[in-house]
Number of protein chains: 2
Amino acid sequence: MTATSQHHWSADPSTLLRVGEGFRLSDVAPDATPGYDGDKKHAHADLETGAEQFDELQERLFAQSREDDDAPAVLLVLQAMDSAGKGGIVRHVIGATDPQGVHLKAFKKPTEEELAHDFLWRIEREVPKAGYIGVFDRSHYEDVLIGRVRELAPPEEIERRYDAIVDFEKRLTDAGVRIVKVMLHISPDEQKARLMERLDRADKHWKYNPGDVDERQLWPAYMEAYQTVFERTSTENAPWHVVPANAKWYARVAVQALLLDALEEIDPQWPAASFDVAAEKARLAAT
Amino acid sequence: MTATSQHHWSADPSTLLRVGEGFRLSDVAPDATPGYDGDKKHAHADLETGAEQFDELQERLFAQSREDDDAPAVLLVLQAMDSAGKGGIVRHVIGATDPQGVHLKAFKKPTEEELAHDFLWRIEREVPKAGYIGVFDRSHYEDVLIGRVRELAPPEEIERRYDAIVDFEKRLTDAGVRIVKVMLHISPDEQKARLMERLDRADKHWKYNPGDVDERQLWPAYMEAYQTVFERTSTENAPWHVVPANAKWYARVAVQALLLDALEEIDPQWPAASFDVAAEKARLAAT
């Protein structure tokens, strides 16, 4: 927790927000700001400081991979109910670093072609390469969330998927992809207020989708589906984190802290030159 | 030139830097800062102001496309000799907006699969969708630059490509893609200094490639190849701009101005709601 020690964290968010044994989603208060002793103003300042650290670590991560195809990558998996703030995380946390080192993928309703393959087919294609920070805005978890709630697949297929996901993620982490799984947790009231704002403002209409209200009416079923996801797929190598997200400033600074923690654990190093530096200096000087 | 009028531009960079009739690359001074009356400090401030405008226009461009598959897109094509600052443009100009609306593609040496297709095959696949800002870090122009200088294809094939590019770009602009083509122009001495810095600093070694010195030794041939590119492919609908780039701050503020100009010409509008706003408010309120 080096990166966050000068911040307003009183406890390590990676530990505090982690889904472990006996976790109950219903015990998490969406309007809480666990482990953070500051307010919105402090969080903005911390986010800026963190952005510089994030940017430097990203560059090292990328540099390290230039000489090593097996170098680590990072994959942030973002799941949430509509309007919980996934887009804001991408914009304000991920957007702080070089776009050249980011691989962002928003998973929409599967296409015909995607449906004709196993559910992990389209996911595998978007796994970040060595040195990249991948971001999944929605993910393979949709296939056990809306897939379950809307009964888009038979129960035995949904069951199969939990184990398939665990195996898949184990393979990725064995291959050097550090997976950071985040559910942004808002309350139904907060969602209502955010959707209403989208309806109130002409410059927000494009963000509103009538289907959001349909999904909203299935809130308890979604929370149950998330609870099952956590029980079945929060593993040692790829644990879930539930981030209270009614306060956007908290969610952003918390997700940033989770990413900084992952990057510091990787501790990427500038790679040694793969050429003779003195010889190249002489060659360049002669031109 | 609305966006740049409160800045330090004394002339419209879109006009000033545009490659027109009788253009000679050899007449462009790489260390000049044409049309800009400020210094580095002013440029930093202008870049920040411009970043806000860029960010807002990008959001409108993206929003507009949500209800219209035929909505415009923007494509920035970046070409330059090594170390001219393409990466800095992506980081500091493009990086100022939401990564969710950017489609960035760095074209490397073609793969076996790419070589087995026409040279535009891999390019076509990366054309930005409606609403996106696409960025090509290198592009199809490599096939008439290094392709010509290194004789990677016979002369008649290189000849064919100029016309193919003009037709291809015409098709894109007809389909609503606003193309902004930029060559960042540095001097050989400036390149030497930048490459030497990469050799001097251990945290920059990863950016150095011995092949850069080989290409550098072909400088005059590359300048000739660029001159021919400008003569053959700077068209009304997709003109080239040559941006002096010895001063990084100038190149960044100039490319930003070119993008702002393109976006203002598009003048993207918030789309009208595709649903009944009052009915949705009532439906949401009832949940």
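Parameters at a glance
- Residues numbered from 1 in each chain as written.
- Chains lettered and ligands numbered in written order.
- Predicted model: local features only at pLDDT ≥ 70, side-chain atom pairs only at ≥ 80, totals over all residues.
- Heavy atoms only, no water.
- Axes fitted to C-alpha atoms, helices over the stretch in contact; angles between N-to-C directions.
- Helix = DSSP H or I, 4+ residues; strand = E, 2+ residues; numbered from the N terminus.
- Parallel < 35°, antiparallel > 145°, perpendicular 65-115°, else oblique.
- Left-handed = near helix turned anticlockwise from the far one by under 90°.
- Contact = heavy atoms within 4.5 Å.
- Nonpolar A, V, L, I, M, F, W, Y, C, P; charged D, E, K, R; others polar.
- Pairing = 2+ DSSP bridges.
- pLDDT = per-residue confidence, 0-100.
- Least-squares fit on C-alpha atoms with pLDDT ≥ 70 in both.

Caption draft 1: Structural context of the packing of helix 7 (residues 155-174) of chain B against helix 10 (residues 219-233) of chain B. Residues and elements named next belong to chain B. Where helix 7 contacts helix 10, the axes come no closer than 10 Å and their chain directions differ by 45°. Considered as vectors, helix 7 and helix 10 are oriented oblique to each other. Taken as a pair, helix 7 and helix 10 cross one another with a handedness that is right-handed. Of the residues in helix 10, those in contact with E159, Y162, D163, I165, V166 and E169 of helix 7 are T228, V229, R232 and T233. When its residues are assigned to classes, the contact of helix 7 with helix 10 shows four nonpolar, two polar and four charged.

Caption draft 2: Examining the sheet that holds strand 1 (residues 73-80) of chain A more closely. Residues and elements named next belong to chain A. A sheet is described by the order of its strands in space; here five strands give the open sequence 2-3-1-4-5, paired in parallel fashion. The sheet terminates laterally at strand 2 (102-106) and strand 5 (240-244), the two strands that pair on one side only. Taking each pair of neighbouring strands and ignoring which way they run, the sheet shows an average axis angle of 20°. As judged from the five bridges shared by strand 1 and strand 3 (residues 133-137), these two strands associate in the parallel manner. Residue pairing in the sheet places V74 in a bridge with I133 of strand 3. Of the strands in this sheet, strand 1 and strand 4 (177-185) are in contact with helix 7 (residues 155-174), which crosses strand 4 at around 130°. Contacts from helix 10 (residues 219-233) reach strand 1, strand 4 and strand 5 within the one sheet, and its direction differs from that of strand 4 by about 155°.

Caption draft 3: Expanded view of the confidence of the model for chain A. All names here are of chain A. Put simply, chain A has an average pLDDT of 96, and 98% of its residues get 70 or more. A low-confidence stretch, residues 1-5 (pLDDT under 50), is modelled with 12 contacts involving residues beyond four sequence positions or located in other chains. The complex prediction reports pTM at 0.95, with the ipTM value standing at 0.93.

Caption draft 4: Structural context of unusual backbone geometry. At R138 of chain A, a position not held by glycine, the phi torsion is positive, near 70°. Secondary-structure assignment places R138 of chain A in the loop between strand 3 and helix 6 (146-149). Positive phi is not limited to glycine here, since S83 of chain B has a value of about 70°. Within the element layout of this structure, S83 of chain B appears in the loop between strand 1 (73-80) and helix 3 (86-92).

Caption draft 5: Geometry of the relation of the copies chain B and chain A. When chain B is brought onto chain A, the operation consists of a screw motion whose angular component is 180° and whose axial shift is 0.0 Å, with 0.0 Å RMSD remaining. Such values leave the two copies arranged in the relation of a two-fold axis. A high fraction, 100%, of the interface residues of chain B reappear at the interface in chain A, so the copies pair face to face through one surface.

Caption draft 6: Highlighting the sheet that holds strand 1 of chain B. Residues and elements named next belong to chain B. In space, the five strands of this open sheet follow the order 2-3-1-4-5, with parallel pairing throughout. Two strands lie at the open edges of the sheet, namely strand 2 (102-106) and strand 5 (240-244), each paired on one side alone. Taken pair by pair, the neighbouring strands of this sheet meet at an average axis angle of 20°, ignoring direction. By the bridge criterion, eight bridges tie strand 1 to strand 4 (residues 177-185) in an arrangement that is parallel. Its bridge partner being in strand 4, A80 is matched across the sheet by L184. Across the face of the sheet, helix 10 comes into contact with strand 1, strand 4 and strand 5 while running at roughly 155° to strand 4. Running at roughly 165° to strand 4, helix 11 (residues 248-266) makes contact with strand 1, strand 3 (133-137), strand 4 and strand 5 of the sheet.

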